[in-house]
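Structural overview for review
Listed here are the chains, written in short residue letters.
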Amino acid sequence: SPDIVISDIVMPGKGGLEIAEYCGKLHGCRLIIISAHSDFLYAQKAMAFGVRHYVLKPISRENLEKAIRESIQELQKEKENAGIQKKITADAQKLAMSSLLFRIACYGHILSDTEKEMIVKLQNFHPGVIIGIKFYDIQIPGDLAKSILSAGVSYFRTAFESKGYSTNWGNSDTMLIFLCFFRQEQKGEAGREEIIRLLDGHITGMDSRFGMPAAGVSDVFGDLSELHDRYNQCLERLSRTFFYQTP
C-alpha cells in the first residue's frame, strides 16, 4: 500500500473523498487532499476519513512541500511508536512467561490449557537446570543488601547469556534463583557440568561486597513437569553446599 497519496477532491471516476475513505482503511497511509473548495463541509468530510492535510488551490509549492514533510514525519513517528509498542508487548510476554515458570518451579503450579499454549508459543523449551545462589556474611547495612542481589542478578545473567544460555530469574530477600536452559546442541549431564564450571569460575571471581556466596545446582529437567522437583532439589543442595571465600 502507498505511504502518501496526493489527490484532488473533484476528479472523473472516484472523487477525493472516496479515495480518502479507501486510504483511511489502509495502515500507515497519509492522504493529502487538494481542492478549490474552502467550504468547511468538504474539509470536515475529509477529516472524518483521517485526512490531516487539506491544501487549497491555487497550490503553492511551499504549502504542498510542508504537507508532504509533515506526512513523512507522522509516518516516521507512527513507525517508532509501533516499534515501542511491539517491544513493550514482547517484554510483557517475557515477564509473564518468567512469572509462570517460577510459579511452576516454586509452587508446583498446575498449568491450564491456555498457559501450556503460551509456553509453546513464546518459548522453545529446552532442558536445563535450576541454580540457587545465596550470599552469606554480607558486610553492608540491610537496606543496601538488596543492591547486592540486584548486582548479582546482572552479574550472573551476563555470565550465562554470554555463553549462549537462556535464563529466567527471580530472587527472594536472601538468594537468587535462575532457570538456566541449555543451548540446543547440549545434552543432559554434559550441559550441567559446563554450567557448574562456569558458575565456579564466576563465583570465585566475585569481590568482597558479596560476602561468602554459596551455590546449589539441580539435576537436569527435561520438561515442565520436572521443574518443581528440581527446584526443591536445588534448595536442598544449596542448604548443604560448600562456601566460596571471596578475596
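What counts as what
Residues numbered from 1 in each chain as written. Predicted model: local features only at pLDDT ≥ 70, side-chain atom pairs only at ≥ 80, totals over all residues. Heavy atoms only, no water. Helix = DSSP H or I, 4+ residues; strand = E, 2+ residues; numbered from the N terminus. Buried < 20%, exposed > 50% of the residue type's maximum accessible area, 1.4 Å probe, protein only. Contact = heavy atoms within 4.5 Å. Areas by Shrake-Rupley, 256 points an atom, 1.4 Å probe, with all protein chains shown as cover. Expected span 1.5 Å × (residues − 1). Arc of directions from axis to C-beta. pLDDT = per-residue confidence, 0-100. Pairing = 2+ DSSP bridges. Right-handed = clockwise from strand over helix to strand, strands pointing away. Axes fitted to C-alpha atoms, helices over the stretch in contact; angles between N-to-C directions. Core = buried A, V, L, I, M, F, W, Y, C linked by side-chain atoms within 4.5 Å.

Thoughts on the overall build of the protein chain
Helix and strand counts for the protein chain stand at 7 helices and 7 strands. What you see in the protein chain, going N to C, is helices and strands ordered as β-α-β-α-β-α-α-β-α-β-β-α-β-α. Buried positions account for 36% of the 247 residues belonging to the protein chain. The long-range share in the protein chain, meaning contacts at least 24 apart out of those at least 6 apart in sequence, stands at 65%. In the structure as shown, the protein chain presents an accessible area of about 14500 Å², 55% of it carried by carbon and sulfur atoms.

Some thoughts on helix α7 (residues 227-239)
When the terminal C-alpha atoms of α7 are compared, their 18 Å separation across 13 residues agrees well with the 18 Å that a helix rising 1.5 Å per residue should span. Within the span of α7, buried status applies to L227, R230, Y231, Q233, C234 and L238. Angular distribution of buried residues about the axis of α7 spans 165°; they occupy a single face of the element.

Re the confidence of the model for the protein chain
Per-residue pLDDT for the protein chain has a mean of 80; in total, 82% of the residues score no lower than 70. Ranking the helices and strands of the protein chain by mean pLDDT puts helix α6 (residues 188-204) first, with 90, and helix α4 (residues 113-122) last, with 65. Considering only residues more than four positions removed or in separate chains, one finds that residues 243-247, a stretch of pLDDT under 50, has 19 contacts.

A short note on the pairing of strand β1 (residues 4-8)
Residue alternation in β1 divides its side chains into a buried set, V5 and S7, and an unburied set, I4, I6 and D8. Note: β1 against strand β2 (residues 30-35), 5 bridges, orientation parallel. Paired with V5 across the bridge in β2 is L31. Once you follow β1 into helix α1 (residues 16-23) and on to β2, the crossover reads as right-handed.

Regarding the sheet that holds β1
Strand order in the open sheet formed by 3 strands is β1-β2-β3, with parallel pairing between adjacent strands. For this open sheet the edge positions go to β1 and β3 (53-56), each flanked by a neighbour on one side alone. Averaged over all pairs of adjacent strands, the angle between their axes in this sheet comes to 20°, without regard to strand direction. Looking at chain direction, β2 and β3 are connected through 4 bridges and run parallel. Counted as the bridge partner of I32 is H53 from β3.

Looking at the nonpolar core
Counting residues in hydrophobic clusters, the biggest one holds 23 residues, and the most contacted among them are I131, I133, F135, F156, F160 and L199. Elements that contribute at least two residues to this core include exactly β4 (128-136), α5 (142-161), β6 (175-181), α6 and β7 (212-217). Looking at this core, the element that brings in the most residues is α5, giving 5 residues. Beyond its immediate chain neighbours, meaning those up to four positions away, F160 contacts I131, Y165, T167, F178, C180, I195, L198 and L199. Among the nonpolar cores identified, the runner-up in size contains 16 residues, and L101, C106, F221 and L238 belong to it.

Here's the deal with the sheet that holds β6
Sheet architecture is open: 4 strands sit in the order β5-β6-β4-β7, paired in antiparallel fashion. In this open sheet, the two strands that pair with only one neighbour each are β5 (166-171) and β7. Within the sheet, the average angular offset between the axes of one strand and its neighbour, ignoring direction, is 20°. The sheet contact formed by β4 and β6 spans 7 bridges and is antiparallel. In the strand pairing of β6, G132 is matched with I177. Strand contacts of α6: β4, β6 and β7, with the helix running at about 175° to β7, the strand carrying the most contacts. Its contacts with the sheet put α7 on β4, β6 and β7, and the angle it makes with β4 is roughly 30°.

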